[in-house]
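One-letter residues, chain by chain:
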Amino acid sequence: MCGVFGIRAPGRDVARLTYFGLHALQHRGQESAGIAVSEHGRLTALRDLGLVAQVFDEQKLSGLRGDVAIGHTRYSTTGSNAWANAQPLLHHARTRTVALGHNGNLINADELRAEIGGRFGSSSDSEVIAAAIATDERPLEDAVAATMARLEGAATVVGLAEGRLFGFRDPHGFRPLVLGRLGDDPVLASETCALDLVGAKLEHEVRPGELVVADADGTRTVQALPEAERGSLCIFELFYLARPDTRLSGVEVHGARVRMGERLAAEAPVEADLVLPIPDSGTPAAIGFSRATGIAFSEGLIKNRYVHRTFIQPEQGMREQGVRLKFNPLAEVAGKRLVVVDDSIVRGSTTRQIVQMLFDAGAAEVHVRVSSPPVVSPCFYGIDLASEDEMIAARNTVEEVREAIGATSLAYLSLDGLQGATRRPESALCRACLTRSYPTRTPIRSGKLRFEAPAPL
């Protein structure tokens, strides 16, 4: 996951624009946030644990002056949730200093660390990208292109060096990146919703293997690496991760999710009184299910939208209530046959609690419908899914999953149904978490904390 943003706009408050861009990308990462700016080639970075609005205030933003800026919201897949791993990361070398924000996960980070050598200030895989660029003695554009060729896995990157903004996607294009314009000024962002918020117009999606460089001479795009034969935009982006108002590969995400719900209704109809989503990610599919069946749509579950990942843990009595911190059912569910629509089930523990909550509120039946196929395999490209041993569908039948979550019935959208709803060809998407078929080799070592320093004895 993670969100990245970059802008080169002399005469504008680039730190403030980046701040608002990161707000639009907050859903992509809630562990830490940061902004780096370049003023006449001098880099300054501010990053910390927490949400964007917790890390930055007016005073901090006013101290970040420059013509170029990048920003990052982190969701960790390699490296712990620690300050040292917050991004943008800065890596200093004799050749240059690089500030960098990375969305994705590298398969060959271990090999690259060994090749580059030296000291690393973080335990994330992202710093090896910055280090490779910083230590390369060729001109910046050549150094970035050469580094791109060394990376395996998922790497959507924005960076600052020598007063210039750069950004790129790996040849598979696992994670999204778009180029927009705010007037004549270039803007890079993970999703189009961030362009919308700052008033920028979409120019084009950055192609897999494409490098964008912006400096005083203008904005250049170079196809630094050939696009992989199999394009691999993550299908999880389309049914869960991306914001509904974003466009991915020319497809509006909300519309695709509504179509998923419509197809789910055709594949797994049920007699019921109300259709309700598990908010917020299940809402578009629930709308589609309701439209296709004529069953009334209800919010059903009210979500407390002020509950995020927090450093303040509830006391034990509240912790045992679990999901009630986030959801509370409406009284209208009592006596009703419910269709509960969600985007996915991974471990199943949250779904089980929600089903039980609805029965406790008086629901007569709780039919669970999922607008994606069973998630059966881990992701090595930037989504911190559970290990296969923890995935409820990996070794259980649909009926066994139904029993485990306590639902009256359970049905998933078929893989063909999901693919059709995206209106993208199979060859354009990575579906490994649903099929166990990976577009690249898989890493020998993939532990999230493998680069952490050993604990003192």
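From a predicted model like this one, the values you see are computed outputs, not experimental measurements.

(A) Layout of the overall build of the protein chain. Secondary structure assignment for the protein chain yields 15 helices and 24 strands. The C-alpha radius of gyration of the protein chain comes to 22 Å, within 12% of the 23 Å expected for a compact globule of 457 residues. Dimensions of the protein chain, computed from C-alpha atoms along their principal axes, come out at roughly 70 × 50 × 50 Å. Burial statistics for the protein chain: of 457 residues in total, 57% are counted as buried. Across the protein chain, every contact between residues at least 6 apart in sequence was considered, and the portion connecting residues at least 24 apart equals 70%. Accessible surface computed for the protein chain: about 18600 Å², of which carbon and sulfur atoms make up 49%. Seen as two clouds, the 50 positive and the 56 negative side-chain charges of the protein chain have centres 1 Å apart.

(B) The packing of helix 9 (residues 253-267) against helix 10 (residues 283-293), seen in detail. In the contact formed by helix 9 and helix 10, the axes pass within 6 Å of each other and the chain directions differ by 45°. Viewed along their axes, helix 9 and helix 10 adopt a mutual orientation that is oblique. Between helix 9 and helix 10 lies a crossing whose hand is right-handed. Contacts from H254, R257, V258, G261, E262, L264 and A265 in helix 9 reach P284, A285, I287, G288, F289, R291, A292 and T293 in helix 10.

(C) Structural view of the environment of V323. Within the element layout of this structure, V323 appears in the loop between helix 11 (316-319) and strand 20 (327-329). Residue classification places V323 among the buried residues on the basis of a relative accessible area of 9%. Residues V323 and E31, spaced 292 residues apart in sequence, show a C-alpha to C-alpha distance of 20 Å. Non-local contacts of V323, meaning those with residues more than four positions away in its chain, are made with T350, Q353, I354 and M357.

(D) Spatial organisation of the pairing of strand 1 (residues 3-8). The buried count for strand 1 comes to six of six residues, which makes it a mostly enclosed element. Side chains G3, F5 and I7 project from strand 1 onto one buried face, and the interleaved V4, G6 and R8 project onto a second face that is buried too. With six bridges joining them, strand 1 and strand 4 (residues 68-74) adopt antiparallel strand pairing. Paired with G3 across the two strands is T73, which belongs to strand 4.

(E) A look at the state of the cysteines. On inspection of all chains with the given rule, the structure shows zero disulfides. C2 forms no disulfide, and the closest cysteine sulfur to it belongs to C379, at a distance of 12 Å. The exposure class of C2 is buried, given its relative accessible area of 5%. Counting only cysteine sulfurs, C2 is the nearest neighbor of C193, a cysteine outside any disulfide, at a range of 15 Å.

(F) Quick peek at helix 5 (residues 126-135). Within helix 5, nine of the ten residues are buried, which leaves it mostly tucked inside the rest of the structure. Listed in full, the buried residues belonging to helix 5 are S126, E127, V128, I129, A130, A131, A132, I133 and A134. At its buried positions, helix 5 is contacted by strand 5 (89-92), strand 6 (97-103), helix 4 (109-116), helix 6 (140-150), strand 7 (156-161) and strand 8 (164-169).

(G) Spatial organisation of the sheet that holds strand 9 (residues 178-182). Strand order in the open sheet made by the seven strands is 3-2-4-1-10-9-11, with antiparallel pairing throughout. Single-partner strands in this sheet number two, and they are strand 3 (42-49) and strand 11 (201-205). For this sheet, the mean angle separating the axes of adjacent strands, direction not counted, is 15°. As paired strands, strand 9 and strand 11 are joined by four bridges and run antiparallel to one another. Bridging from a neighbouring strand, R181 pairs with K201 of strand 11. Relative to strand 4, helix 1 (residues 14-24) is tilted by about 25°, and along the sheet it contacts strand 1, strand 2 (32-39), strand 4 and strand 9.

(H) Region of interest: the pattern of salt bridges. Taken as a whole, this structure holds 29 salt bridges when the rule is applied. Here R16 makes a salt bridge to D13, at a shortest N to O gap of 3.0 Å. D13 sits in the partly exposed class, given a relative accessible area of 36%. Among the charged side chains, a salt-bridge network with shared partners connects R96, E141, E162, R164, D215 and R220.

(I) Local environment of the packing of aromatic side chains. All chains considered together, the criterion is met by seven aromatic pairs. With a centroid separation of 6.3 Å and an interplanar angle of 85°, the aromatic rings of Y19 and F56 are classed as edge-to-face. Of this pair, Y19 sits in helix 1 while F56 sits in the loop between helix 2 (52-55) and helix 3 (58-62); the two residues are 37 residues apart in sequence, bridging distant segments of the chain. In terms of burial, Y19 and F56 fall into one category: buried. A ring pair is formed by F236 and Y240, whose centres lie 5.7 Å apart and whose planes are at 75°; its orientation type is edge-to-face. Taken together, the residues span about one helical turn, with F236 and Y240 both in helix 8 (residues 235-241) at a distance of four residues. In this structure F236 comes out as buried when scored by relative accessible area, which is 4%. Given a relative accessible area of 33%, Y240 falls into the partly exposed group. An aromatic cluster is defined as three or more aromatic residues linked by ring pairs; in this entry it consists of F174, F380, Y381 and Y438. A cation sits over an aromatic face here: R47 above W83, 4.2 Å from the ring centre.

Scoring rules and cut-offs
- Residues numbered from 1 in each chain as written.
- Predicted model: local features only at pLDDT ≥ 70, side-chain atom pairs only at ≥ 80, totals over all residues.
- Heavy atoms only, no water.
- Helix = DSSP H or I, 4+ residues; strand = E, 2+ residues; numbered from the N terminus.
- Rg over C-alpha atoms; globule rule 2.2 N^0.38 Å.
- Buried < 20%, exposed > 50% of the residue type's maximum accessible area, 1.4 Å probe, protein only.
- Contact = heavy atoms within 4.5 Å.
- Areas by Shrake-Rupley, 256 points an atom, 1.4 Å probe, with all protein chains shown as cover.
- Lys, Arg positive; Asp, Glu negative; His and termini not counted.
- Charge placed at Lys NZ, Arg CZ, Asp CG, Glu CD.
- Axes fitted to C-alpha atoms, helices over the stretch in contact; angles between N-to-C directions.
- Parallel < 35°, antiparallel > 145°, perpendicular 65-115°, else oblique.
- Left-handed = near helix turned anticlockwise from the far one by under 90°.
- Pairing = 2+ DSSP bridges.
- Disulfide = S-S within 2.5 Å.
- Salt bridge = Lys/Arg side-chain N within 4 Å of Asp/Glu carboxyl O.
- Phe/Tyr/Trp six-rings, centres within 6.5 Å; stacked < 30°, edge-to-face > 60°.
- Lys NZ or Arg CZ within 6 Å of the ring centre and 35° of its normal.

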